[in-house]
2 protein chains.
Amino acid sequence: MSVLVVGSIALDTVKTPVEEHADLLGGSASYAAVGASFFSRVNFVGVVGGDFPREHVEFFRGRNIDLEGLQTVEGKTFRWSGEYHWDLNTRETRSVELNVFEHFNPELPESYRATPIILLANIAPKLQSHVLDQAEQPRFVIADTMDLWIDIAKDDLLALIARVDLLILNDGEARQFTGETSLVRAGAQIRKLGPKYVAIKKGEHGCLLFGEDQFFSCGAYPLEDIHDPTGAGDTFAGGLAGYLASLGDGEITFDNLRRAVVHGSVLASFNVEAFSLERLRSLTMADIEQRYQLFRLMSHFEVLG
Amino acid sequence: MSVLVVGSIALDTVKTPVEEHADLLGGSASYAAVGASFFSRVNFVGVVGGDFPREHVEFFRGRNIDLEGLQTVEGKTFRWSGEYHWDLNTRETRSVELNVFEHFNPELPESYRATPIILLANIAPKLQSHVLDQAEQPRFVIADTMDLWIDIAKDDLLALIARVDLLILNDGEARQFTGETSLVRAGAQIRKLGPKYVAIKKGEHGCLLFGEDQFFSCGAYPLEDIHDPTGAGDTFAGGLAGYLASLGDGEITFDNLRRAVVHGSVLASFNVEAFSLERLRSLTMADIEQRYQLFRLMSHFEVLG
């Protein structure tokens, strides 16, 4: 099965206390699509300008990512610049140039409309809804979002999340969205707004998954070397969506979702080991499987009867 | 089997953004001993002044805690006052009056010297070592510590930890102690200083346990209501130690330690639901078992072969 990924494609400039790199491949859709591509075929929707390096297009193509939905338009590619301080959990946006992204209108090619799993990576909720309008009976819809949309487009976001199966957001955003300090209460409250499932990401501390009567706490993979946290959340969402697509067309159970969350966490834990998508370029399925088994062993304390 | 608990006994004044309470039962030994008492008999070593309320002594006695090692001396009981802001992970000490604690010299009654499990709750490392000097071939020694001793008594702390089986400290302290930002590297480095095992507490985010070639990541129990985080770490250590003592005299394996860490986390998760030790007063073994099972279910994602 395929997964449809829509989101931003960017050229990033990222500064950490140790290093700074310019014009890196970035954007929510780039990370998410490459993350998903480890597990399944990806239908990719996004926009770039005439300055977008050909090598990045070839990289996507080489990763089992279909590019019929990639629009190349006149103008410059979306650019983002951010800085991390010693606490790599928080970042500061230094500049944003929307460029061709300002008038992005995501259009699904005919061949994409029946894609069973849809991942709406982080973009304006109105655009995410517009993608859903074009989809034909998707089996499972995942949306990622961010604080900006809670601030400036809350009504659009509320309209969107009533239509998704799984909403992904981070802990600060879940608190901001609901006004609840307890993540347990925040997760339950967001579920009442429509999504069947809610995943709350806690950065390096793992992730909580809420279902109707079910709950999963995914521990963090303890990282030895974090070089660049950019895209960790997008890679998580991509890995999760790709893993679900790889399961074929049976029912998506809470157990499937638990494993999808762990696979997403594994991919994100690799992604932060290098700048941009560099670590994902050399990553193998054997690496992923090995770290998944480590996750399993390190989280285990009691055999389930 | 019994566990020996030594540490501070205090009367606390605690302020949160919501409530303030004065003259509460507190101190590292109080939380640790009551935590341990759910699982095993406790030999208790500490000091109080003439002003220490009789009801607290009776509370300890009623909890299967032997008080032969409790010294009551002339003067006032140790007093601590602290304040939490909205982020209940960080606190500010408002005042400390050492009082009778200033000249505390922990002495083990003859009947305590062969206690198999020893928990050196948070006090000056020199006093913790002094307790070990009096112990007769303990099977397993656990020490808890804090940032203050890393700052002002690092040599004493180094001398102590060479003699313990398990050192417990929090994430900030592990980083401060080693100068490592990565908790994985910090844990490994502390192990090289002597302790067979190191537990790094991450507040509401859980705990990491390091052994020679083994590693356990204990997720956090997602709390709905935190009223007072005071004593969470001490209760964790006490529950862990008491659980180990309850296992009898077989070898202490890494699997035993994993379960001990989860039991400690369960007790700590209850303790923060009310001020002082109030929640522990009404807590039952059925409550503990139920939350342990929840922990098990919420952490599980794959059956171990």
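What you see is a predicted model; the values in this text were computed from it and never measured.

Draft legend 1. Fine view of the overall build of chain A. What chain A contains, in helices and strands, is eleven helices and 13 strands. Since a compact globule built from 305 residues should have a radius of gyration of about 19 Å, the 18 Å found for chain A is in line with a globular shape. Relative to its full complement of 305 residues, chain A shows a buried share of 60%. For chain A, the proportion of contacts with a sequence separation of at least 24, taken over those separated by at least 6, is 65%. As displayed, chain A has an accessible area near 12,000 Å², and 47% of this comes from carbon and sulfur atoms.

Draft legend 2. Representation of the interface of chain B and chain A. The partner chain A presents 30 residues to the 30 residues of chain B that form the contact. Taking both partners together, chain B and chain A bury about 3,100 Å²; carbon and sulfur atoms supply 58% of that area. Counting across the interface, chain B meets chain A through zero salt bridges. Only α7 (183-191), β13 (215-218), α9 (254-271) and α11 (285-299) of chain B provide two or more residues apiece to the side of chain B that touches chain A. No other element matches α11(B), which puts six residues into the side of chain B that touches chain A. Here the side of chain B that touches chain A is composed, by residue class, of 14 nonpolar, six polar and ten charged.

Draft legend 3. Spotlight on the side chain of Thr16(B). Among the secondary structure elements, Thr16(B) is positioned in the loop between β2 (10-15) and β3 (20-26). Apart from the residues lying within four places of it in its own chain, the contact partners of Thr16(B) are Tyr84(B), His227(B) and Phe275(B).

Draft legend 4. Structural context of empty space enclosed by the protein. By the definition in use, this model includes three cavities of 30 Å³ or more. In this model, the second largest cavity occupies a volume close to 110 Å³. Taken together, 17 residues form the lining of the second largest cavity, with Ser217(A), Ser299(A), Ser217(B), Gly219(B) and Ser299(B) sitting closest to its centre. Where the lining of the second largest cavity is concerned, the elements lending two or more residues are β13 (215-218) and α11 (285-299) of chain A together with β13 and α11 of chain B. Here the residues of the lining of the second largest cavity are counted per class, giving eleven nonpolar, six polar and no charged.

Draft legend 5. Molecular detail of the pattern of salt bridges. Residues and elements named next belong to chain A. Enumeration over the complete set of coordinates arrives at 33 salt bridges over all chains. For Arg-258, the salt bridge identified is with Asp-255, shortest N-O distance 3.0 Å. Linking Arg-258 with Asp-255, this pair stays in helix α9 (residues 254-271), spanning three residues, or about one helical turn. For Arg-258, a relative accessible area of 8% corresponds to the buried category.

Draft legend 6. Just the pairing of strand β3 (residues 20-26) of chain A, in detail. Residues and elements named next belong to chain A. Two elements, strand β2 (residues 10-15) and β3, share five bridges in a ladder whose sense is antiparallel. Across the sheet, the residue bridging to Lys-15 is Glu-20, located in β3. Between β2 and β3, which pair antiparallel and follow one another directly, the connecting turn spans four residues.

Draft legend 7. Looking closely at helix α3 (residues 125-134) of chain B. Residue and element names in this part refer to chain B. Among the ten residues in α3, seven count as buried, and that is most of the element. All of the buried residues along α3 are Pro-125, Leu-127, Gln-128, Ser-129, Val-131, Leu-132 and Gln-134. Considering only its buried residues, α3 is in contact with β1 (2-6), β8 (117-120), β9 (140-144), α4 (147-152) and α5 (154-161).

Draft legend 8. Looking closely at the relation of the copies chain B and chain A. Mapping chain B onto chain A leaves a residual RMSD of 0.0 Å; the transformation is a rotation of 180° accompanied by 0.0 Å of translation along its axis. Overall, the copies show the geometry of a two-fold rotation axis. Taking C-alpha positions as reference, the residue of chain B nearest the rotation axis is Gly219(B), located at 2.7 Å. The share of interface residues of chain B whose copies in chain A are also at the interface is 100%, consistent with both copies meeting through the same surface.

Draft legend 9. Up close: the packing of aromatic side chains. Residues and elements named next belong to chain A. Tallied over the entire structure, the rule returns 18 aromatic pairs over all chains. With centroids separated by 5.6 Å and ring planes inclined at 25°, the aromatic side chains of Phe-101 and Phe-104 adopt a geometry described as stacked. The same class applies to Phe-101 as to Phe-104, namely buried. Here the aromatic cluster, defined as three or more aromatic residues joined through ring pairs, consists of Phe-44, Phe-59 and Phe-60.

Draft legend 10. Looking closely at the packing of helix α3 (residues 125-134) of chain A against helix α5 (residues 154-161) of chain A. All names here are of chain A. Packing of α3 against α5 leaves a shortest axis separation of 8 Å and a crossing angle of 30°. When the axis of α3 is compared with that of α5, the two are roughly parallel. The two elements α3 and α5 meet at a crossing, and its hand is left-handed. Of the residues in α5, those in contact with Pro-125, Lys-126, Gln-128, Ser-129 and Leu-132 of α3 are Asp-156, Leu-157 and Leu-160.

Cut-offs applied
Residues numbered from 1 in each chain as written. Chains lettered and ligands numbered in written order. Predicted model: local features only at pLDDT ≥ 70, side-chain atom pairs only at ≥ 80, totals over all residues. Heavy atoms only, no water. Helix = DSSP H or I, 4+ residues; strand = E, 2+ residues; numbered from the N terminus. Rg over C-alpha atoms; globule rule 2.2 N^0.38 Å. Buried < 20%, exposed > 50% of the residue type's maximum accessible area, 1.4 Å probe, protein only. Contact = heavy atoms within 4.5 Å. Areas by Shrake-Rupley, 256 points an atom, 1.4 Å probe, with all protein chains shown as cover. Buried area = accessible area lost by both parts, 1.4 Å probe. Salt bridge = Lys/Arg side-chain N within 4 Å of Asp/Glu carboxyl O. Nonpolar A, V, L, I, M, F, W, Y, C, P; charged D, E, K, R; others polar. 1 Å grid on protein atoms, 1.4 Å probe; cavity = no way out; pocket = protein on both sides within 12 Å on 5 of 7 lines; lining within 4 Å. Points joined across faces, edges and corners; volume = space filled by probe spheres on them. Pairing = 2+ DSSP bridges. Least-squares fit on C-alpha atoms with pLDDT ≥ 70 in both. Phe/Tyr/Trp six-rings, centres within 6.5 Å; stacked < 30°, edge-to-face > 60°. Axes fitted to C-alpha atoms, helices over the stretch in contact; angles between N-to-C directions. Parallel < 35°, antiparallel > 145°, perpendicular 65-115°, else oblique. Left-handed = near helix turned anticlockwise from the far one by under 90°.

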